[in-house]
Amino acid sequence: MNMNRAVPSGSLSTWLAGHHGASRELRFYARVFARSAASRLGLGLVLVFLLMAALGPWIVPYPEDARGAVHLDEKLRPPSVRHWFGTDEVGTDIYTRVVLGTRVSLRIGLIITLLAAAIGVPLGIVAGYIGGPLGETIMRVTDVFLSVPALVLALAIVGALGPGITNVIVALGLVWWPGYVRLVQSKTLALKGQVFVEAARAVGTGRLRIVFVHILPNCVSPITVKASMDMGSAILAAAGMGFIGLGAQPPYPEWGAMISHGRNYLPTWWWYSAFPGLFIYLTVLGFNLLGDGLRDILDPQSRG
Amino acid sequence: MLGYLARRFLLLGLMLFGLLCITFVISHVAPGDPARLAAGPDATASMVETLRVQYGLDRPLLVQFGQYLRGVLGGDLGRSLRTRETVASDLARYFPNTFELVTGAMLLAVGLGIPLGILSAVYRDTWVDQLTRVVSVSGIALPAFWLGLMLQLLLALELGLLPLGGRLGLMATPPAPVTHLLVVDAILAGQWRVLGDALAHAVLPTVTLCFPALASIVRVNRAEMLETLKQDYIVNARAQGVSELRIVARYALKNAMIPTLAMIGLRYGWMLGGTVLVETVFDWPGIGLYAVASAVSSDFQPIMGVTLVIGLNFMLANFLVDLAYGWLDPRVRPSLST
């Protein structure tokens, strides 16, 4: 009985001893991160928007307003206690729509970023680790994709596929990956020459195992930093497509589309476009500052 | 240097070929039927079939690619369903306006960004630095189209200081086209009132478009200046009593400019992308507005034309940046040419 109790507590203390370094490192990271006011602001903003996205329907005053409700007697009211951000041309509450739009925009940003990473990271590893003519081809194709502004190429793809929110996400995901190839390729090349990778190869470790056990975990930090920044820019780009009129269609609460509609009601009904734009700005700002802060702790050499 | 130049040219040609491959894949291989795309949303089945045969879209892909290359290199970019003109002539009409806007915005971004970056690095952690950092952080996060609208709201609609949009006021008659750049043509013709009007119309779009680029130029320039000012040769120059102004202007700036220049090249491309949104906000008659108007009315060939023109411009800009690189830093030449 005593033996049984001794074994887990013994292994717990060894576990703690083994991870003492790791938890100290974690606390060190947290301290570095917390030292910068910008990083704290970034984290705070991102957390607020994540909460807003998670709790959206429960914290807004008029949840039915994001589903096409119409209250013509309330149309184009200025900001007030009842309608914090005013109402639009069919009388729906702009605060409700903007808050519910958080979920839409974060989801769009996340899908685009994941799609880009899912295409870019494997290509980058192949180009960096295997190299040769295949790697060279991947890098040249990447260069070509990087030579057309993402927004323009996405516009061309949406032109071919037709407008709509899904096609915008597909198009932006398809043009967003080259950055990941560049990043992962250069990181892989650097890692490949390191002693621990050479040692792994010397003891006969297979290619796949080297990639998954030794290379990929070491690429996680820069990828995380880039992904955080990309969340911001992807949200911005998708809102741009919505603004042009190719993305989400009303009554879907998408920030870019809301600004585009509100544009027709400037200058008298300024709140219609002003608040969705403010939300885009704060979200993107949050992800950028968070990315900066993460870079400072995860990848200090590449600060720029 | 000649070998370096030749390699750069070869690379430019290869990139251009790659770009044509991408546009071909989007326009011919994408799930949307190319004949249907070219015919537009209102075409009947027989019209689509006629187009399919006329454009050779019923032939093998490789043959189509050959035809496509021959067409594009010969200046045939198709026809716009909306304007009923050839895409090439539309682009020729709208591109100078975009060029003026992007060039003006870039000059402004470089002209403000580099001094701000230097000031921010030299007066590190003072209020100058803090203010610059707010600008550079906001510039990247602000949606350009929204910033444009808010500037319009404030400066054009509320205060009435600047025109709302467009390229020229209704009362102004454009000067005889020589360079097709309105500002230059107005100067050449000596029409100062038209020039003033054209510049007034350009203020808001230029500022809006310049902001994100300004932000990243400041950021990179500041970081590089800080890094350079720490180097031994700067410490040495200081120890020898070289004046601070001379150290910054003569010794540090040139080295700090190399990464900044790369950022300028990159940002030029982003600007060409951003111009699509900014032109839409300000009704600026450039290729961005043309692309958006075409995209909204499912007019496919103009979008591909705009993609090609913007891609080509971006490639040329990066080509020039590469050349400037080699000029600024002789060490770069061998490493870039491999």
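In short, a report on the structure. Each chain has its residues counted from 1, following the order in which its sequence is written. Following the order in which they are written, the chains are lettered starting with A and the ligands numbered starting with 1. Totals for whole chains, interfaces and linings use all residues, but because this is a predicted model, local features are given only for residues with pLDDT of at least 70 and pairs of side-chain atoms are given and counted only at 80 or more.

**Some thoughts on helix H2 (residues 37-59) of chain A**
Residue and element names in this part refer to chain A.
Then step 1. Here a strand is any run of E in DSSP of at least two residues, a helix any run of H or I of at least four, and the numbering for each starts at the N terminus. To estimate the expected span of a helix, count its residues, drop one, and scale the result by 1.5 Å. The end-to-end C-alpha distance of H2 is 28 Å, clearly below the 33 Å that 23 residues give at a rise of 1.5 Å each.
Then step 2. Where H2 bends most, at Ala 53, the angle is about 50 degrees, and the proline Pro 57 comes one to four residues later.
Then step 3. Here the C-beta atoms are placed from the backbone, and a residue counts as buried if at least 20 other C-beta atoms lie within 10 Å of its own, exposed if 12 or fewer do, and partly exposed otherwise. Restricting attention to buried positions, one finds in H2 the residues Ser 39, Gly 42, Val 46, Phe 49 and Met 52. Bend is the name given here to the angle between axes fitted to two runs of seven residues, the run ending at a residue and the run starting at it.

**Here we look at the packing of helix H6 (residues 165-176) of chain A against helix H9 (residues 207-244) of chain A**
All names here are of chain A.
Then step 1. It is the contact of H6 with H9, at a shortest axis distance of 11 Å, that shows an interaxial angle of 135 degrees. Here H6 is positioned oblique relative to H9, judged by the angle of their axes. The interaxial crossing formed by H6 with H9 has right-handed handedness. Taken together, the residues of H9 that come into contact with H6 (itself represented by Val 168, Leu 172 and Trp 176) are Asp 230, Ala 234, Ala 237, Ala 238 and Met 241.
Then step 2. Here the contact of H6 with H9 is built from residues that sort into 7 nonpolar, no polar and 1 charged. A fitted line through C-alpha atoms serves as each axis, taken over the contacting stretch for helices, and the angle formed by two N-to-C directions is quoted from 0 to 180°. Working rule for angles: under 35 degrees goes down as roughly parallel, over 145 as roughly antiparallel, 65 to 115 as roughly perpendicular, anything else as oblique. By the definition used in this description, the sense in which the near helix is turned from the far one sets the handedness, with an anticlockwise turn below a right angle giving left-handed and a clockwise turn giving right-handed. Throughout, a pair of residues is in contact if the C-beta atoms placed from their backbones lie within 7 Å. When residues are sorted by character, Ala, Val, Leu, Ile, Met, Phe, Trp, Tyr, Cys and Pro go into the nonpolar class, Asp, Glu, Lys and Arg into the charged class, and all the rest, Gly among them, into the polar class.

**Remarks on the packing of helix H3 (residues 94-130) of chain A against H9 of chain A**
All names here are of chain A.
Then step 1. At a minimum axis distance of 8 Å, the contact between H3 and H9 shows a crossing angle of 140 degrees. Judged by the twist between their axes, the crossing of H3 over H9 is right-handed. Across the interface between the two elements, Ser 105, Ile 108, Gly 109, Leu 110, Ile 112, Thr 113, Ala 116, Ala 117, Val 121, Ile 125 and Tyr 129 of H3 pack against Val 211, Ile 215, Ile 223, Ala 227, Asp 230, Met 231, Ala 234, Ile 235, Ala 238 and Ala 239 of H9.
Then step 2. Class assignment of the residues belonging to the contact of H3 with H9 gives a composition of 17 nonpolar, 3 polar and 1 charged.

**Some thoughts on the nonpolar core**
Nonpolar side chains in soluble globular proteins generally cluster together in the buried interior.
Then step 1. Counting residues in each nonpolar core, the largest one holds 163 residues, and the members touching the most others are Val 152, Ala 154, Leu 155, Leu 172 and Ala 238 of chain A.
Then step 2. Not counting chain neighbours up to four residues away, the residues in contact with Ala 238 of chain A comprise Ser 105, Ile 108, Gly 109, Ile 112, Val 168, Leu 172, Gly 247 and Gly 256 of chain A. For the purposes of this analysis, a nonpolar core is taken to be any set of buried Ala, Val, Leu, Ile, Met, Phe, Trp, Tyr and Cys residues that are connected through C-beta atoms within 7 Å.

**Some remarks on the interface of chain A and chain B**
Then step 1. Listed by partner, the interface residues are 42 residues for chain A and 44 residues for chain B.
Then step 2. Every element with two or more residues in the side of chain A that touches chain B is listed here: helix H4 (132-146), helix H5 (150-161), H9 and helix H11 (271-298) of chain A.
Then step 3. Looking at the side of chain A that touches chain B, the element that brings in the most residues is H5 of chain A, giving 11 residues.
Then step 4. For the side of chain A that touches chain B, the class distribution of residues is 29 nonpolar, 10 polar and 3 charged.

These figures come from the coordinates and say nothing about function on their own.
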